[in-house]
Amino acid sequence: MIELLRRDEAHIAAPIFKQQHDEHYSEFLFFKVLNYPGTEYITTAEEETRAIIVVFNSLLKSWPLLAFTLILTAIAGIIIWVLDSYWNSEEFSRSFFRGSWDGFWWSFISMTTVGYGDKAPKSVLARIFSVIWIQFSLIIMAVFTANVTSALTALSLHLEPTSLDAVDVAVLSNGTEYQYALGENARPKVFNSIDDAIEALESKQVNGMLLDRYAASYYQRDG
């Protein structure tokens, strides 16, 4: 670009990266027009779908914990029914099936800390058991929440990789993303246009594409 200016074949060269207070670039006048917006890593929708499948599979691996939780909830519901149905038949029916369901509902709501208040134990033994169950269920929910959080973290890391090390990425021939890719230890493949880079991405010649945010937002809005 500088050579074009020297040969008077261009009047403006961009982008040029200098400090804000600098007034010259080589022998030419320099002034800031825009702040560099940063670089976007673009991948295909197929990659996003695959990432969601990965997370879904990781959630499926938690099914033993979920099943164990539901079984304990059902057992707690039966226990609270046994302890409270005689003194509190209005809220916990004396019928086994209906009363067990009432107990299951109470134990599940208590475990999730929702606490609607539509059912509340009244006998002393039932209230003592309630205290024990609520404390124990908090631990169960904490473990289950940790599993879900790990799965969501895996999704975030898959969609937004923290490292481009040894990743094939498409960059534009006249863009600054080439240097960025080298700095991240990626394997940049240079293309002359965004269309060529997108075609390479869709044909899986590269894993992703690096593009500055201005161009990425414009191209997304344009089509």
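Residues numbered from 1 in each chain as written. Predicted model: local features only at pLDDT ≥ 70, side-chain atom pairs only at ≥ 80, totals over all residues. Heavy atoms only, no water.

1. Section: the overall build of the protein
Scanning the protein from terminus to terminus reveals eight helices and six strands. Scanning the protein from its N terminus toward the C terminus, one meets helices and strands in the order α-β-β-β-α-α-α-α-β-α-β-α-β-α. Within the protein, the fraction of its 223 residues that count as buried is 28%. In the protein, the share of contacts with a sequence separation of at least 24, taken over all contacts with a separation of at least 6, comes to 56%. On the protein, roughly 15,000 Å² of surface is accessible, and the fraction owed to carbon and sulfur atoms is 59%. (Helix = DSSP H or I, 4+ residues; strand = E, 2+ residues; numbered from the N terminus. Buried < 20%, exposed > 50% of the residue type's maximum accessible area, 1.4 Å probe, protein only. Contact = heavy atoms within 4.5 Å. Areas by Shrake-Rupley, 256 points an atom, 1.4 Å probe, with all protein chains shown as cover.)

2. Here we look at the pairing of strand β6 (residues 208-212)
In the case of a regular strand, side chains alternate between the two sheet surfaces. Burial of β6 is extensive: five of the five residues sit out of reach of the surface. Burial of the side chains of β6 extends over both faces: Gly-208, Leu-210 and Asp-212 are buried on one face and Met-209 and Leu-211 on the other. Across four bridges, strand β3 (residues 39-42) lies against β6 in antiparallel orientation. When the bridges of β6 are listed, Glu-40 appears paired with Leu-211. As judged from the two bridges shared by strand β4 (residues 168-172) and β6, these two strands associate in the parallel manner. (Pairing = 2+ DSSP bridges.)

3. A few points about the packing of aromatic side chains
Scanning all chains against the criterion turns up six aromatic pairs. Note on Tyr-86 and Trp-87: the rings are 5.2 Å apart at their centroids and 80 degrees apart in plane angle, and the pair reads as edge-to-face. Classification of Trp-87 as exposed rests on a relative accessible area of 57%. An angle of 25 degrees between the planes, with centres 5.7 Å apart, marks the rings of Trp-101 and Phe-104 as stacked. One end of the pair, Trp-101, and the other, Phe-104, are both in helix α4 (residues 96-111), three residues apart, so they sit about a helical turn from each other. Here the aromatic residues Trp-81, Phe-96 and Phe-97 are joined through ring pairs into a cluster of three or more. (Phe/Tyr/Trp six-rings, centres within 6.5 Å; stacked < 30°, edge-to-face > 60°.)

4. Structural notes on the packing of helix α3 (residues 63-84) against α4
Geometry of a packed helix pair, given as the angle between the helix axes and the separation of the axes. Interaxial distance between α3 and α4 falls to 7 Å at its minimum, and their mutual angle equals 120 degrees. Considering their axes alone, α3 and α4 lie oblique with respect to each other. Our pair here, α3 against α4, has a crossing hand that is right-handed. Contacts between α3 and α4 involve Thr-69, Leu-70, Thr-73, Ala-74, Ala-76, Gly-77, Ile-78, Ile-80 and Trp-81 from the former and Phe-96, Gly-99, Ser-100, Gly-103, Phe-104, Trp-106, Ser-107, Phe-108 and Met-111 from the latter. Looking at the contact of α3 with α4 residue by residue, the class counts come to eleven nonpolar, seven polar and no charged. (Axes fitted to C-alpha atoms, helices over the stretch in contact; angles between N-to-C directions. Parallel < 35°, antiparallel > 145°, perpendicular 65-115°, else oblique. Left-handed = near helix turned anticlockwise from the far one by under 90°. Nonpolar A, V, L, I, M, F, W, Y, C, P; charged D, E, K, R; others polar.)

5. Points about the pattern of salt bridges
As enumerated under the stated definition, the model contains two salt bridges in all. A salt bridge links Asp-102 to Lys-119; the shortest N-O distance between them is 3.7 Å. Placement of Asp-102 in helix α4 and of Lys-119 in the loop between α4 and α5 (124-159) is noted, with a sequence separation of 17 residues between them. When sorted by exposure, Asp-102 lands in the same class as Lys-119, which is buried. (Salt bridge = Lys/Arg side-chain N within 4 Å of Asp/Glu carboxyl O.)

6. Some remarks on helix α7 (residues 194-202)
For α7, the complete set of buried residues consists of Ile-194, Ala-197, Ala-200 and Leu-201. Taken around the axis of α7, the buried residues stretch over an arc of 125 degrees, which confines them to a single face. Every exposed residue of α7 that faces more than 90 degrees away from the buried side is listed here: Glu-199 and Glu-202. In the stretch just after α7, Lys-204 is the one whose phi turns positive, near 65 degrees. (Arc of directions from axis to C-beta.)

7. Things to note about the nonpolar core
Listed in full, the eleven residues of the largest apolar core are Leu-72, Ala-76, Ile-80, Trp-81, Phe-92, Trp-106, Met-111, Ala-126, Phe-129, Trp-133 and Ile-140. At the level of elements, α3, α4 and α5 are the ones that each hand at least two residues to this core. If we skip the residues at most four places from it in the chain, Trp-106 touches Ile-80, Phe-92, Lys-119, Pro-121, Phe-129, Ser-130 and Trp-133. (Core = buried A, V, L, I, M, F, W, Y, C linked by side-chain atoms within 4.5 Å.)

8. Here we look at α4
The end-to-end C-alpha distance of α4, which contains 16 residues, comes to 22 Å, matching closely the 22 Å that a straight helix rising 1.5 Å per residue would cover. Along α4, the residues classified as buried are Gly-99, Ser-100, Asp-102, Gly-103, Trp-106, Ser-107, Ile-109, Ser-110 and Met-111. Two residues or fewer after α4 comes Thr-113, characterised by a positive phi angle close to 60 degrees. (Expected span 1.5 Å × (residues − 1).)

Limitation: the analysis is restricted to geometry and does not speak to function.
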